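# Architecture at a glance
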Amino acid sequence: MIKTNAMRLLDAKKISYESFTYPPEITDGEQVANQLQEDANAVFKTLVTVSDKGEHFVFCVPVCASLDLKKAAKAAGAKSVSMIRQKELEPLTGYVHGGCSPVGMKKRFRTFLDASAQSFAQIYVSAGKPGQQMKLSPGALASFCGAAFAELKTE
């Protein structure tokens, strides 16, 4: 398996993780969880938003849930946030849709993990390339990304 930039960054900080591959054409989060044979609540998608003031934020929520934009804005201390356009993702983060990792974006953005991540010893996030996931502790991920835990998903 070829190491992604996200994996190399974790290696450099001696943060332990396991990497997994699956067919890259599978982009639906719940199907990814099935490929990993994991609870979809433990597999997180990385979403990038923009605030009413043009500030970008990163949110990680379980693949079986949706990001509650009001809760996201509150967590970020913004009046409102909205999802960025898909075509803006790669120029902004360096990652393509289906392979966006909270680890190793071109620029460091304020990052938030759904509080539910804390109920798992290990969670999955994209390794930075479609078809690759990393499993690591939510605390290690939050520490590396400078992320805060917050209630982010819709009920």
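Residues numbered from 1 in each chain as written. Predicted model: local features only at pLDDT ≥ 70, side-chain atom pairs only at ≥ 80, totals over all residues. Heavy atoms only, no water.

To continue, consider the pattern of salt bridges. The full count for this structure, using the stated rule, is three salt bridges. The salt bridge partner of glutamate 18 is lysine 135, with a shortest N-O separation of 3.6 Å. Here the residue glutamate 18 occupies a position in strand 1 (residues 18–21), and lysine 135 occupies one in strand 7 (residues 132–136), the gap between them amounting to 117 residues. (Salt bridge = Lys/Arg side-chain N within 4 Å of Asp/Glu carboxyl O. Helix = DSSP H or I, 4+ residues; strand = E, 2+ residues; numbered from the N terminus.)

The next subject is the packing of aromatic side chains. One pass over the full model with this rule turns up four aromatic pairs. Aromatic side chains phenylalanine 20 and tyrosine 124 sit 5.4 Å apart centroid to centroid with 55 degrees between the ring planes, which places their arrangement in the tilted category. Separated by 104 residues along the polypeptide, phenylalanine 20 in strand 1 and tyrosine 124 in strand 6 (residues 123–126) bring together distant segments of the chain. By relative accessible area, which is 23% here, phenylalanine 20 ends up partly exposed. Among the aromatic residues, ring-to-ring pairing joins Phe57, Phe59 and Phe112 into one connected group. (Phe/Tyr/Trp six-rings, centres within 6.5 Å; stacked < 30°, edge-to-face > 60°. Buried < 20%, exposed > 50% of the residue type's maximum accessible area, 1.4 Å probe, protein only.)

The next thing to look at is the UniProt feature "domain: YbaK/aminoacyl-tRNA synthetase-associated" (unreviewed entry) in the protein. Those places that UniProt annotates as "domain: YbaK/aminoacyl-tRNA synthetase-associated" (unreviewed entry) correspond, in this numbering, to residues 24–142. Between the C-alpha atoms that bound residues 24–142 the distance is 26 Å, and the span itself is 24% helix and 27% strand. (UniProt positions renumbered as here; feature names shortened; annotations may be inferred.)

With that settled, consider the pairing of strand 2 (residues 44–51). Along any regular strand, the residues point their side chains to alternate faces of the sheet. Among the eight residues of strand 2, six are classified as buried, and the element is accordingly described as predominantly covered. Pairing analysis gives seven bridges linking strand 2 to strand 3 (residues 56–62), with the strands arranged antiparallel. Along strand 3, the bridge assignment pairs lysine 45 with valine 61. Hairpin connection, strand 2 to strand 3: the antiparallel pair is bridged by four residues, and glycine 54 has positive phi, about 85 degrees. One ladder, built from three bridges, connects strand 2 with strand 4 (residues 81–83); its direction is antiparallel. Following the sheet pairing, valine 50 is matched in strand 4 by serine 82. (Pairing = 2+ DSSP bridges.)

Our next topic: the nonpolar core. Among the nonpolar cores identified, the biggest contains 28 residues, and Leu10, Val103, Met134 and Leu141 are the most heavily contacted of them. For this core, the elements supplying multiple residues, two or more each, are helix 1 (5–12), strand 2, strand 3, strand 6, strand 7 and helix 5 (138–145). In terms of nonpolar packing, the next biggest core, distinct from the first, is built from 13 residues, Ala72, Ala73, Phe112 and Ala150 among them. (Core = buried A, V, L, I, M, F, W, Y, C linked by side-chain atoms within 4.5 Å.)

As a further point, take the environment of methionine 105. Mapping methionine 105 onto the fold places it in the loop between helix 4 (86–93) and strand 5 (110–114). Counting along the chain gives 78 residues from methionine 105 to threonine 27, while the straight-line C-alpha distance between them is 20 Å. Ignoring sequence-local partners within four residues, the contact set of methionine 105 consists of Thr46, Val48, Val58, Thr93, Tyr95 and Cys100. (Contact = heavy atoms within 4.5 Å.)

Residue position: lysine 53 is located in the loop between strand 2 and strand 3. Residue classification places lysine 53 among the exposed positions, given a relative accessible area of 74%. Distance in space between the C-alpha atoms of lysine 53 and lysine 79 is 8.5 Å, their sequence separation being 26 residues.

Time to look at the sheet that holds strand 5. Reading across the sheet, the five strands line up as 4-2-3-5-8 and stay open at both edges, with mixed pairing between neighbours. Across the chains shown, the open sheet's two edge strands, defined by having one partner strand only, are strand 4 and strand 8 (148–150). Between one strand and the next, the sheet's axes are offset by a mean angle of 35 degrees, whatever the strand orientation. Pairing of strand 3 with strand 5, which is carried by four bridges, proceeds in the parallel orientation. (Axes fitted to C-alpha atoms, helices over the stretch in contact; angles between N-to-C directions.)

To continue, consider the environment of glutamine 35. As for its placement among the helices and strands, glutamine 35 is situated in helix 2 (residues 29–36). In sequence terms glutamine 35 and tyrosine 124 are 89 residues apart; their C-alpha atoms lie 12 Å from each other.

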